[in-house]
Amino acid sequence: MKTLIYVPIIHTSADMGSMAAELTQKGIDEFGREFWETHVDTVNKYWEIISQYCDTIGLGGKVVKIYQDGMVADGEIAIKIMEDSVKAGSKNYEIISRLVKRGAIIVRTEDISMVKKELEMLKLIPSSGPLIMKLIRIIRFKISRSKLLNQRDEYIAGRIAATLGPNETGIIFLGAYHNILDKLPKDIRINEQKEIHKVREYQKLLPFYAIKKQRFEELSQYLIKPIVSK
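Figured I'd write up the structure that's included with this text. (Residues numbered from 1 in each chain as written. Predicted model: local features only at pLDDT ≥ 70, side-chain atom pairs only at ≥ 80, totals over all residues. Heavy atoms only, no water.)

Another point: the sheet that holds strand S1 (residues 2-9). Spatially, the five strands line up as an open sheet ordered S3-S2-S4-S1-S5, and their pairing is parallel. Because the sheet does not close on itself, it has two edges, and the strands there are strand S3 (105-107) and strand S5 (188-192). Between one strand and the next, the sheet's axes are offset by a mean angle of 25 degrees, whatever the strand orientation. Note that S1 and S5 share five bridges and pair parallel. Within the sheet, the bridge partner assigned to Tyr 6 lies in S5 and is Glu 192. Lying on the sheet, helix H4 (residues 91-101) is in contact with S1, strand S2 (64-68), S3 and strand S4 (169-175); it crosses S2 at an angle near 160 degrees. (Pairing = 2+ DSSP bridges. Helix = DSSP H or I, 4+ residues; strand = E, 2+ residues; numbered from the N terminus. Axes fitted to C-alpha atoms, helices over the stretch in contact; angles between N-to-C directions. Contact = heavy atoms within 4.5 Å.)

Below, the structure written as structure tokens:
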């Protein structure tokens, strides 16, 4: 039996690279500083819970492979990407760094051309200018991104199928909008550490928190609830 531990990602500003400051300011402008800071606190606590869980994963004598959203390399290049991301403050990569120090192996997860294409599409969305042009660009981005995301998911699932061997454990850190579960071979046992659909729902409700306050708060509490090992 092959096992895949699935950790849905909620990106922090440290994961956004050069766009971090701009996206943070957009969040404050759209939601208000108080709510945005509450959201950031929830996300930080979420990663603390994930970190605590990952520290309990037994690696002794096991082959454990790490699959990471956006990881387009393995070997020394993957280690360099990891180290640079840790220095930038990525909580996701801090967890991976500790797992690697305990013997886990980073596996190339994605095709670099697909990842680059999505980043280029994202940069085309204007931060200023006429509202109608911004809306048109956003709609085009969502349509194109949906197709590209499906292609990325097919590729990621294929990489896991090709590289995760019998009696091995994989740990995948993947954005909640990805959908790879139905694309994976049936001989891989999936262990969701947080239910993907709930993490996805939390992110979708962000713009509507004022009118969906009760549900949003329920999801916030779910995100920071400690994980019970299965």
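Further remarks concern the pairing of S4. Among the seven residues that make up S4, seven are buried, leaving the element largely enclosed by the rest of the structure. Neither face of S4 is exposed, since Thr 169, Ile 171, Phe 173 and Gly 175 on one face and Gly 170, Ile 172 and Leu 174 on the opposite face are all buried. Here five bridges tie S2 to S4, and the two strands are oriented parallel to one another. The partner of Lys 65 across the bridge, within S4, is Gly 170. (Buried < 20%, exposed > 50% of the residue type's maximum accessible area, 1.4 Å probe, protein only.)

Moving on to the packing of helix H3 (residues 75-87) against H4. Close contact between H3 and H4 brings their axes to 8 Å; oriented N to C, the two are set at 130 degrees. Taken together, the axes of H3 and H4 lie oblique to each other. The handedness of the crossing between H3 and H4 is left-handed. Across the interface between the two elements, Ile 79, Ile 81, Met 82, Ser 85 and Val 86 of H3 pack against Tyr 93, Glu 94, Ile 96, Ser 97 and Val 100 of H4. Its residues assigned to classes, the contact of H3 with H4 comprises seven nonpolar, two polar and one charged. (Parallel < 35°, antiparallel > 145°, perpendicular 65-115°, else oblique. Left-handed = near helix turned anticlockwise from the far one by under 90°. Nonpolar A, V, L, I, M, F, W, Y, C, P; charged D, E, K, R; others polar.)

Right, let's get into the environment of Met 82. Considering the arrangement of structural elements, one finds Met 82 in helix H3. The exposure class assigned to Met 82 is buried, which follows from its relative accessible area of 5%. Along the sequence, Met 82 and Val 100 sit 18 residues apart, while their C-alpha atoms lie 9.8 Å from each other. Leaving out residues up to four positions away in the same chain, Met 82 has contacts with Tyr 93, Ile 96, Ser 97, Val 100 and Ile 106.

This next bit is on H4. Burial in H4 covers these residues: Asn 92, Tyr 93, Ile 95, Ile 96, Ser 97 and Leu 99. Those residues of H4 that are buried lie in contact with S1, helix H2 (33-54), S2, H3, S3 and S4. Capping of H4 at its N-terminal end is provided by Ser 90; its side-chain oxygen lies 3.5 Å from the backbone amide nitrogen of Asn 92. Remark: Gly 103 follows H4 within two positions and exhibits a positive phi of approximately 115 degrees. (Polar contact = N/O pair within 3.5 Å; in protein donor to acceptor, adjacent residues only side chain to side chain.)

On to the nonpolar core. Ile 50, Ile 160, Ile 172 and Phe 173 are the most contacted members of the largest nonpolar core, which totals 51 residues. With eight residues, the single largest contributor to this core is H2. (Core = buried A, V, L, I, M, F, W, Y, C linked by side-chain atoms within 4.5 Å.)

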